[in-house]
Amino acid sequence: MSETFDLVVIGAGPAGLAAAAQAAELGLSAVVVDEQPEPGGQIYRAVERATKGPAAAALGADYAHGRQVVEAFRRSGAAYRPGLQVWQVEPSGEVLASDGQRSVAFAGRRALVAVGATERPVPIPGWTLPGVMGVGAGQILLKSSGMVPAGETWVVGSGPLPLLYMQQIIAAGGRIAGYIDTTPAANGFLAAPHLSAALRNLPYLRKGLKLRGALRRSGIPGHRADAVEAAGDGRVERVRFRSGGTWHEKPCDLLLLHEGVVPNVHVTMAIGCAHEWDERQECFRPRLDEWGCTDIAAILVAGDCGGIEGARAAEARGRLVALGAAASLGRIDDATRDRMARPLRRELRRHLPIRPFLDTLFRPRRGLTAPADAVIACRCESVTAGQVRETVRIGAVGPNQAKSFIRCGMGPCQGRMCGLTVTGIIAEATGRTPAEVGFFRIRPPLKPLTLGELAALGEDSGT
Amino acid sequence: MFRKLPDPACATVAVTVDGQAMRVATHETAASAALLAAMGATRTSPVNGEPRAPFCMMGVCYDCLMVIDGVPSRQACLVPVRDGMRIERQAGARALAFGSAETADV
């Protein structure tokens, strides 16, 4: 049995919550399906209770804004189904999701994919050792569990998130042993031409400068490095980094990595939506029109899974997509849609001009996605970069052949952790662009599923 | 690796992590409980036996697969704790329990 909704939203981050709230306000029936137990997505994770918890002050005002987003959603009357993993989305808009025991189906006149971003894979030597995690993972533990690092903690990488996380940890009374900045020194030069546009987003720039100031005052030792390795026996014990041509080694109990975030494209790729390579953000993203429509009529996209724009822009995108859906379903006329869209487009113009500057300033270092032969590219199947290169030597022309030769991307994460690396390695080895090489073909189910569950679905629905 | 910020008002439940009894906050996940128990590896790779532990904490990487209440290959970072929950390290590939549809992956 499937429940029918005008709009089935996948993901309870700012884009999905804002879209569902807007849709409900326009009289559409809407449901948000999400795999977490609480609304907010990763950016506003646990915001309903964390704004009262022990880390509240440290998490800051940008995070606390998420409470308004969640409250507006709660008030809107849109349905909410947490704790469900979406494993299949049909081009018709039907969404199949599992709670781990049984599956439920939602028939959407429109399905909105709002599954956000994931941290860009950071394949360095030793990154599979226990004690090596994403900076995003560390921040999730702070938001959802009030946890701060203990012991010798090193933060490695580039982008606003490591700076924000370290500032939050210091404010919460935690300690960071050191920061290894992997941002290429030349990026500052390259980003300079985008600075004048970025000045239109002065509050963002001020926040960035404040973060850097807070970091300097915190006394956390900073190093700039162009290569980093984790080492240890059974768990991370040391971090090694190359700074100014010299290798350094420090004791380390927790190593947190971050090289920016990329759109989570697995859902739209599995549906078969057209995607393109974003040269500036170095990632694939679905091709969208100004109302978040993909090339498949029933499938819509909002937020960072359509290209990295940040949480505030995601909220506006979510509302815009809901307006577009309402118009295409005949619930509002085009003139009403356009009138209601105007303040949202103004809102977008307040958040987007800084993006080219940020994307260029924090562009990942060259070689990140094509690491040395011994480095593990695919964590699930323990496939090294060298093994991927070997498939190219024996004739693999793209990621899908490499996958069938050596199983990279075939484990439970289905290429979420290695997809961009495998594309990067093959692009480098064949002298083609990532756009030409392409990505793994993503097949259903999007999440591992038991046979029993699949069989029970047939019994329930009679299909 | 991690410690909790003091939160005296926080309600707790009893769980075991690899046999070790502990009380954790009601809002922990099996993975955050395992991190607090400082158990190091939470599973070993089915491919080569390498130790692994939670990496992304958001359901993407599948490195936190554990045996929870006897069910193998659960994504520990997505499973909220419950009173009496048994959270155990997973060794290599999970066994196929023939006759039980629950544990057969497609």
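Note that the structure is a prediction, hence the values are computed from the model and not measured.

Rules used in this analysis
- Residues numbered from 1 in each chain as written.
- Chains lettered and ligands numbered in written order.
- Predicted model: local features only at pLDDT ≥ 70, side-chain atom pairs only at ≥ 80, totals over all residues.
- Heavy atoms only, no water.
- Helix = DSSP H or I, 4+ residues; strand = E, 2+ residues; numbered from the N terminus.
- Rg over C-alpha atoms; globule rule 2.2 N^0.38 Å.
- Buried < 20%, exposed > 50% of the residue type's maximum accessible area, 1.4 Å probe, protein only.
- Contact = heavy atoms within 4.5 Å.
- Areas by Shrake-Rupley, 256 points an atom, 1.4 Å probe, with all protein chains shown as cover.
- Axes fitted to C-alpha atoms, helices over the stretch in contact; angles between N-to-C directions.
- Parallel < 35°, antiparallel > 145°, perpendicular 65-115°, else oblique.
- Left-handed = near helix turned anticlockwise from the far one by under 90°.
- Nonpolar A, V, L, I, M, F, W, Y, C, P; charged D, E, K, R; others polar.
- Patch = residues over 30% accessible without salt bridge, like charges linked within 9 Å, V, L, I, M, F, W, Y side chains within 5 Å.
- Salt bridge = Lys/Arg side-chain N within 4 Å of Asp/Glu carboxyl O.
- Lys, Arg positive; Asp, Glu negative; His and termini not counted.
- Charge placed at Lys NZ, Arg CZ, Asp CG, Glu CD.
- Buried area = accessible area lost by both parts, 1.4 Å probe.
- Polar contact = N/O pair within 3.5 Å; in protein donor to acceptor, adjacent residues only side chain to side chain.
- Pairing = 2+ DSSP bridges.
- UniProt positions renumbered as here; feature names shortened; annotations may be inferred.
- Domains from an automatic or database assignment.
- Right-handed = clockwise from strand over helix to strand, strands pointing away.

1. Some words on the overall build of chain A
Phase 1: The secondary structure content of chain A amounts to 17 helices and 22 strands.
Phase 2: For 463 residues, the compact-globule estimate of 2.2 N^0.38 gives 23 Å, and the C-alpha radius of gyration of chain A, at 22 Å, lies within 12% of that figure.
Phase 3: Counting only residues that meet the buried cut, chain A has 59% of its 463 residues in that class.
Phase 4: Sequence separation of at least 24 residues holds for 67% of the intrachain contacts in chain A that already meet a minimum separation of 6.
Phase 5: Surface exposure of chain A reaches about 17900 Å², of which carbon and sulfur atoms provide 53%.

2. Thoughts on the packing of helix 13 (residues 385-393) of chain A against helix 15 (residues 419-430) of chain A
Pairs of packed helices are described in terms of their axes, by the angle between the two and the distance that separates them.
Residues and elements named next belong to chain A.
Phase 1: Contact geometry for helix 13 and helix 15: axes closest at 10 Å, N-to-C directions at 50 degrees. Accordingly, the angle class assigned to the pair helix 13 and helix 15 is oblique. The crossing of helix 13 and helix 15 is right-handed. Between helix 13 and helix 15, the contacting residues are Ala-385, Val-388, Arg-389 and Val-392 on the first element and Val-422, Ile-425, Ile-426, Glu-428, Ala-429 and Thr-430 on the second.
Phase 2: Class assignment for the residues of the contact of helix 13 with helix 15 results in 7 nonpolar, 1 polar and 2 charged.

3. Details of a positive patch on the surface
All names here are of chain A.
Phase 1: A contiguous patch of positive charge, built from Arg-200, Arg-339, Arg-342, Arg-346 and Arg-349, is present on the exposed surface.
Phase 2: Among the secondary structure elements, Arg-346 is positioned in helix 11 (residues 334-351).
Phase 3: Residue Arg-346 is classed as partly exposed on the basis of its relative accessible area, which comes to 48%.

4. Section: the interface of chain B and chain A
Phase 1: Of the residues lining the interface, 41 residues belong to chain B; the matching set on chain A comes to 55 residues.
Phase 2: The contact between chain B and chain A buries some 4000 Å² in all, and 62% of this surface belongs to carbon and sulfur atoms.
Phase 3: At the junction of chain B and chain A, the tally comes to 1 salt bridge.
Phase 4: Of the charged contacts in the structure, one is a salt bridge between Asp63(B) and Arg379(A), with a shortest N-O distance of 2.7 Å.
Phase 5: The interface formed by chain B and chain A holds 15 residue pairs in polar contact (both at pLDDT 80 or more) in total.
Phase 6: Breaking the side of chain B that touches chain A down by element, the ones donating at least two residues are strand 1 (2-4), helix 1 (30-36) and strand 5 (51-52) of chain B.
Phase 7: When its residues are assigned to classes, the side of chain B that touches chain A shows 25 nonpolar, 7 polar and 9 charged.
Phase 8: In this structure, strand 9 (residues 147-149) of chain A lies alongside strand 1 of chain B, joined through 3 bridges in antiparallel fashion. Paired with Val148(A) across the two strands is Arg3(B), which belongs to strand 1 of chain B.

5. Regarding the sheet that holds strand 3 (residues 20-25) of chain B
Residues and elements named next belong to chain B.
Phase 1: Within the open sheet, the 5 strands sit side by side as 3-2-8-6-7. Their pairing is mixed. The sheet terminates laterally at strand 3 and strand 7 (71-75), the two strands that pair on one side only. Across this sheet, the average inter-strand angle for adjacent strands is 40 degrees, counted without regard to direction.
Phase 2: By the bridge criterion, 3 bridges tie strand 2 (residues 12-17) to strand 8 (residues 85-88) in an arrangement that is parallel. Of the residues in strand 8, the one forming a bridge with Val-17 is Ile-87.

6. A closer look at the packing of helix 13 of chain A against helix 14 (residues 399-406) of chain A
Residue and element names in this part refer to chain A.
Phase 1: In the contact formed by helix 13 and helix 14, the axes pass within 10 Å of each other and the chain directions differ by 110 degrees. One way to sum up the angle between helix 13 and helix 14 is to call them roughly perpendicular. Residues Gln-387, Val-388 and Thr-391 of helix 13 form the contact with helix 14, whose participating residues are Ala-402, Phe-405 and Ile-406.

7. Section: the environment of Gly108(A)
Residues and elements named next belong to chain A.
Phase 1: With respect to the secondary-structure elements, Gly-108 resides in strand 6 (residues 103-113).
Phase 2: Under the relative-accessibility criterion, Gly-108 is labelled buried at 9%.
Phase 3: In the structure, Gly-108 is positioned 106 residues away from Ser-2 in sequence and 9.5 Å away in space, judged by C-alpha atoms.
Phase 4: Once residues lying within four places of it in the same chain are set aside, the contact partners of Gly-108 are Phe-5, Asp-6, Val-8, Ser-92, Gly-93 and Glu-94.

8. Side note on a nonpolar patch on the surface
Residue and element names in this part refer to chain A.
Phase 1: On the surface, Leu-195, Leu-199 and Leu-202 cluster together to form a nonpolar patch covering roughly 230 Å² of accessible area.
Phase 2: Looking at the element boundaries, Leu-199 is found in the loop between helix 7 (195-198) and helix 8 (202-218).
Phase 3: Leu-199 sits in the partly exposed class, given a relative accessible area of 47%.

9. What about the UniProt feature "domain: SoxA A3" (unreviewed entry) in chain A?
Phase 1: In the numbering used here, UniProt assigns the feature "domain: SoxA A3" (unreviewed entry) to residues 382-456 of chain A.
Phase 2: Between the end C-alpha atoms of residues 382-456 of chain A there is a gap of 33 Å, over a span that is 52% helix and 3% strand.

10. Some thoughts on the pattern of salt bridges
Residues and elements named next belong to chain A.
Phase 1: In the structure shown here, the tally under the stated rule is 39 salt bridges over all chains.
Phase 2: For Arg-363, the salt bridge is made with Glu-282, and the minimal N-O distance between the two is 2.6 Å. Here Arg-363, found in the loop between helix 12 (355-361) and strand 21 (376-378), pairs with Glu-282, found in the loop between strand 18 (275-278) and strand 19 (283-286); they are 81 residues apart in sequence, far enough to count as distant.
Phase 3: Here Glu-390 ties to Arg-393 by a salt bridge, and the two come within 3.0 Å at their closest N and O atoms. With Glu-390 and Arg-393 both in helix 13 and 3 residues apart, this pair spans about one turn of that helix.

11. Quick notes on the UniProt feature "domain: FAD/NAD(P)-binding" (unreviewed entry) in chain A
Phase 1: As recorded in UniProt, the sites labelled "domain: FAD/NAD(P)-binding" (unreviewed entry) are residues 5-318 of chain A.
Phase 2: The annotated region residues 5-318 of chain A carries 32% helix and 30% strand content, and the separation between its end C-alpha atoms amounts to 17 Å.

12. Some words on the sheet that holds strand 15 (residues 246-251) of chain A
All names here are of chain A.
Phase 1: Spatially, the 3 strands line up as an open sheet ordered 13-14-15, and their pairing is antiparallel. At either end of the open sheet lies a strand with only one pairing partner, and these are strand 13 (227-231) and strand 15. With strand direction ignored, the average angle separating the axes of adjacent strands in the sheet is 20 degrees.
Phase 2: As defined by bridge partners, strand 13 adjoins strand 14 (residues 238-243) across 5 bridges and the pair is classed as antiparallel. Within the sheet, the bridge partner assigned to Ala-231 lies in strand 14 and is Arg-238.

13. Some words on the domain arrangement of chain A
Phase 1: Along its sequence, chain A is carved into domain 1 (3-118 + 262-332), domain 2 (123-258) and domain 3 (376-437).
Phase 2: Its C-alpha centre places domain 2 of chain A at a distance of 27 Å from the equivalent point of domain 3 of chain A.

14. Here's the deal with the pairing of strand 1 (residues 2-10) of chain A
Note on strand geometry: in a regular strand, side chains alternate between the two faces of the sheet.
All names here are of chain A.
Phase 1: Alignment of strand 1 against strand 6, held across 8 bridges, turns out to be parallel. Looking at the pairing, Leu-7 lines up with Arg-110 of strand 6.
Phase 2: Pairing of strand 1 with strand 2 (residues 30-33), which is carried by 4 bridges, proceeds in the parallel orientation. Its bridge partner lying in strand 2, Ile-10 is registered against Val-33.
Phase 3: Remark: the strand 1/helix 1 (residues 14-25)/strand 2 crossover connection has right-handed handedness.

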